[in-house]
Amino acid sequence: MKRRSALKHTALLTACGFSAGTIATFVSSCSGAALPEGLYLSAQQLNLLGLVVDTFLPKTETPSATEAGVHTFLDQALNSAMTEEEKETFMKSLEVVQNQSRTKYNKDFEKLNSEEREAVLLSLQDIENYFELLQGATLYVYYTSEKGAKDALVYDPVPGRYIGCLPYEEVGKAWAL
Amino acid sequence: MYFNSKGKEEVTYDAIVVGSGISGGWAAKELTEKGLKVLLLERGRLVKHGEYPTANLDTWDVPNRGRLTEAEWKDYEKQRRTGYTVSHFTKHWWVKDTEHPYQETKPFDWIRGYHLGGRSLLWGRQSYRLSDIDFSANAREGHAVDWPIRYKDIAPWYDYVEGYIGVSGQNVGHPQTPDGNFQPAMDLNCVEDHTRQQLKQKFNDRLLMIGRAAHITKPEGHNGRGTCQYRNRCVRGCPYGAYFSSNASTIPAAEATGNLTIRPHSIVHSVILDKKSKRASGVQVIDAETMEAHEFYARIVFVCASTLPTASILLNSKSDRFPNGLGNDSGELGHNLMDHHFHVGARGEIEGFDDQYYSGRRANGIFIPRFRNINGATKMKDFTRGYGYQGGASRGGWHIPREALVGKKLKEVSSQPHGWGMNLLAFGECLPYHSNKMTLRYDKPDKWGLPTLDLDVEWKENELNMRQDMKSQAAEMLEASGFKNIREYDDQSNPGNGIHEMGAARMGRNPKTSILNKYNQIHTVKNVFVTDGACMTSAGNQNPSLTYMALTARAADYAVTQLKKGNL
């Protein structure tokens, strides 16, 4: 029985574009599929954050931000690592994203297509430093995640030697560490 | 404390070494290899070579990518002042300020760890010899007191120590930076090499070379230590033993003789003075875990607890003969504290190298040796002594693009390395001032009932004037080498932040003005030796650990010779 319900949940997660995380509880979402509740964020907020970070870093030949766990890391950081002030600013930034979406398109961010989502995020440049905050957090958490480091950068934990001058094309991307 | 004869025998050794860091490890090795039975006392816990719990962890393996939360920082309010020392990868190496308080009459960053090996596990590994311009500086200028030694006295010991610990570097024939006994040098990268050439062309007194770092680069000898793997995770402890530490090198060598006893959790309270002979008979210890007092006895004592604790132990060793602390007839004990002042220099960016990169993470940088106040032509009007530069060139890794990007384009651009930048970070000499001092606060004891330290140290006019030049010369050299967007910086630094505390029990020729003689012996208590940073008569601008090691080996050799002659 247990295995069955686990499979069911996995299917729901996949339908929502989430990889299975550590999240145990589920609530229903606007699309009818269940969304996972965050540690700090509500299911809707976590879903919104996932869409935001994936708009910054979508899936290409390398993993998307949510595949690298950027949104769940940020949820966990909100829960146990950020200061009250950091939390407040971060939560405000999500609110600003939703407000911009409604102002610009008269729709929730979740309902926008990817071009519209990109336009909403770019429009944040005019509002305090919310663009830098969300973009910076996404990049930092992504490239310091296992998937980001190993799949989107060049990861070599034990180089064994140092070569001071090397044609760039022999590496082709930034070193992960 | 009462001992029957057998009991006292059990706690009697030929030598006691206080502290297991870079100096104490060397003392233990040299003394045991010369046949002495040695008790090595360490106030912290045992750390066997290889017991480095975070050595192979990545950012995603630790909480919060390694960063401590505000709540977790509370234990490390002072240790965190470096900005780089305390993280989830390293916090087990640093003391909790909440457990190990000290007082600051003036701001002082006392950054330290209590465990076997001490800061030899955590040091920056840069290893430069002092030269006669340093050893003769005080006498030439009339500051403080003269060093009782010159370069020729220590040169063979530098050779010996460099050969044993393994220092990668290059011989360059620079008189202020004597050549040595080196392992193969690490590479400069393209931009550093470009800068080296430009400085050579455009200045007649500027030399840029690869740093001399205590890393094995040649796979032979060194008791099975491995070569540097270019991971740049040194501060977590090196499982290969590639950089020098007491744990990977001197302590195993001392243990191999069968003559070493290590006692962890042993806080030295004081050195015991024998009333009749006026020699030290041993040390009194408080067990950090049980709070019990113990006494241990020996014919000689090496105090290598690191500058501030060493001075603290001697100040706390009061007797009728030495009411102000052991060997302190001069009143200089605890005075003349020095550190290197830094956090000043310039950064710049350079174009034209974007088709070049490097491979491996070199835990080493560049070095530009001192070029000020060398001779009449380089004499400065508003400061004496000088400074050197460390730092280096690199390309940032993944980066935040300058233009606002989202989506596929952001991913593509941000995963490329940033452009090239170079940082020239100056380390300046600090003069020895009698007024820069530490005192013991008996009114504020720690949990073992020992007095805490109070630090009263400041940079003065000479250091502050020097900083202007440290900053402007960095910018001038970057400009001459073709860098753009050059930003000078002076981020200030409290004394102590260089983690090169020195000078609280200085060497000198005269017992009336110094604590130690030319063999690091207390002038008036000949069987006590101090060979850590406390012994320094002046600071130079070079990273000092290599000098402590050379002086320790030299003092140990002298001590054993004197013991054999029956003079100690």
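Residues numbered from 1 in each chain as written. Chains lettered and ligands numbered in written order. Predicted model: local features only at pLDDT ≥ 70, side-chain atom pairs only at ≥ 80, totals over all residues. Heavy atoms only, no water.

1. Digging into the overall build of chain A
Along chain A, the regular secondary structure elements total seven helices and three strands. Helices and strands appear in chain A in the N-to-C order α-β-β-α-α-α-α-α-α-β. Out of the 177 residues in chain A, the part that is buried amounts to 47%. Considering only contacts in chain A between residues 6 or more positions apart, those separated by 24 or more positions represent 44%. Here chain A displays about 8,900 Å² of accessible surface, and carbon together with sulfur accounts for 50% of that area. (Helix = DSSP H or I, 4+ residues; strand = E, 2+ residues; numbered from the N terminus. Buried < 20%, exposed > 50% of the residue type's maximum accessible area, 1.4 Å probe, protein only. Contact = heavy atoms within 4.5 Å. Areas by Shrake-Rupley, 256 points an atom, 1.4 Å probe, with all protein chains shown as cover.)

2. Some words on the packing of aromatic side chains
To describe a pair of aromatic rings, you give the distance between the ring centres and the angle between the ring planes. Per the stated rule, a full pass over the model turns up 25 aromatic pairs over all chains. With 6.4 Å between their ring centres and 20 degrees between their planes, Phe371(B) and Tyr389(B) make a pair best called stacked. Of the two residues, Phe371(B) is situated in the loop between strand S11 (366-367) and strand S12 (387-395) and Tyr389(B) in strand S12; the sequence distance between them amounts to 18 residues. Given a relative accessible area of 2%, Phe371(B) falls into the buried group. Owing to a relative accessible area of 0%, Tyr389(B) belongs among the buried residues under this scheme. Among the aromatic residues, those joined into a ring-pair cluster are Tyr162(A), Tyr168(A), Trp175(A), Tyr230(B), Tyr357(B), Tyr358(B) and Trp420(B). Between the NZ or CZ atom of Arg117(A) and the centre of the ring of Phe109(A), over which it lies, the distance is 5.7 Å. (Phe/Tyr/Trp six-rings, centres within 6.5 Å; stacked < 30°, edge-to-face > 60°. Lys NZ or Arg CZ within 6 Å of the ring centre and 35° of its normal.)

3. A few points about the environment of Ala28(B)
Considering the arrangement of structural elements, one finds Ala28(B) in helix H2 (residues 22-33). C-alpha of Ala28(B) to C-alpha of Tyr489(B): the two residues are 461 residues apart in sequence and 42 Å apart in space.

4. Observations regarding the state of the cysteines
In a disulfide, the sulfur atoms of two cysteines are held together by a covalent bond. Applying the stated criterion across every chain, the model contains one disulfide over all chains. Cys165(A) shares a disulfide with Cys190(B); S-S distance 2.1 Å. Highlighted residues: Cys165(A) in strand S3 (residues 163-167) and Cys190(B) in helix H7 (residues 190-202), drawn from two different chains. You can call Cys165(A) partly exposed: its relative accessible area is 39%. Residue class for Cys190(B) comes out buried when judged on its relative accessible area of 11%. Free cysteine: Cys228(B), not disulfide-bonded; nearest cysteine sulfur from Cys234(B) at 6.3 Å. Considering cysteine sulfurs only, Cys535(B) is the nearest to Cys304(B), which forms no disulfide, with 9.4 Å between them. The class for Cys304(B) is buried, based on a relative accessible area of 4%. (Disulfide = S-S within 2.5 Å.)

5. Topic: the interface of chain A and chain B
Between chain A and chain B, the contact holds 54 residues from the first and 44 residues from the second. Counting the surface lost from both chain A and chain B, the interface buries some 4,100 Å², and carbon and sulfur atoms represent 60% of this. Of all residues in chain A, the largest losses of buried area upon contact with chain B belong to Tyr162(A), Tyr168(A) and Trp175(A), amounting jointly to 19% of the total for that side. Linking chain A with chain B are one salt bridge. A salt bridge links Arg67(B) to Glu86(A); the nearest nitrogen and oxygen atoms lie 3.6 Å apart. In this structure, the connection of chain A to chain B is made through 25 residue pairs in polar contact (both at pLDDT 80 or more). Of all the secondary-structure elements, those providing two or more residues to the side of chain A that touches chain B are helix H2 (43-56), helix H3 (70-80), helix H5 (114-123), helix H6 (130-143), helix H7 (146-152) and S3 of chain A. For the side of chain A that touches chain B, the leading source of residues is H6(A), giving eight residues. Looking at side-chain class alone, the side of chain A that touches chain B contains 32 nonpolar, 14 polar and eight charged residues. Inspection of the sheet shows S3(A) paired to strand S10 (residues 356-359) of chain B by three bridges, in the antiparallel sense. Counterpart to Ile163(A) in the pairing with S10(B) is Ser359(B). (Buried area = accessible area lost by both parts, 1.4 Å probe. Salt bridge = Lys/Arg side-chain N within 4 Å of Asp/Glu carboxyl O. Polar contact = N/O pair within 3.5 Å; in protein donor to acceptor, adjacent residues only side chain to side chain. Nonpolar A, V, L, I, M, F, W, Y, C, P; charged D, E, K, R; others polar. Pairing = 2+ DSSP bridges.)

6. What to know about the sheet that holds strand S15 (residues 451-456) of chain B
Residue and element names in this part refer to chain B. One open sheet holds the three strands; their spatial order is S3-S15-S14, and the pairing between them is mixed. At either end of the open sheet lies a strand with only one pairing partner, and these are strand S3 (103-104) and strand S14 (437-445). The pairing of S14 with S15 spans six bridges and is classified as antiparallel. Of the residues in S15, the one forming a bridge with Leu 440 is Leu 453. Along the sheet, helix H9 (residues 307-315) contacts S14 and S15; its crossing angle with S14, the most-contacted strand, is approximately 65 degrees. (Axes fitted to C-alpha atoms, helices over the stretch in contact; angles between N-to-C directions.)

7. Re the confidence of the model for chain B
Chain-level pLDDT for chain B is 97 on average; 99% of the residues reach the 70-or-more range. Interface confidence in the predicted complex, given as ipTM, is 0.92; pTM for the same model is 0.93. (pLDDT = per-residue confidence, 0-100.)

8. Details of unusual backbone geometry
The backbone of Glu128(A) sits at a positive phi, close to 40 degrees, despite the residue not being glycine. Here Glu128(A) lies in the loop between H5 and H6. With relative accessibility at 65%, the residue Glu128(A) sits in the exposed group. Positive phi, normally seen in glycine, also occurs at Arg385(B), with a value near 65 degrees. Along the polypeptide, Arg385(B) turns up in the loop between S11 and S12.

9. Some words on the domain arrangement of chain B
Residues and elements named next belong to chain B. For chain B, the assigned domains are domain 1 (13-51 + 113-168 + 214-336 + 500-568) and domain 2 (173-211 + 341-428 + 463-494). Here the C-alpha centroids of domain 1 and domain 2 sit 33 Å apart. The interface of domain 1 with domain 2 comprises 33 residues on the first partner and 32 residues on the second. Here domain 1 and domain 2 share an interface that buries about 2,600 Å² over both sides, 51% of which is from carbon and sulfur atoms. By the criterion of area lost to domain 2, the three top residues of domain 1 are Tyr 128, Tyr 230 and Asn 541, representing 25% of everything that side buries. Across the domain 1-domain 2 interface, the total number found is 16 residue pairs in polar contact (both at pLDDT 80 or more). At the level of secondary structure, the elements contributing two or more residues to the side of domain 1 that touches domain 2 comprise helix H4 (132-135), helix H5 (137-141) and helix H6 (151-165). By residue number, the principal contributor to the side of domain 1 that touches domain 2 is H6, which donates four residues. (Domains from an automatic or database assignment.)

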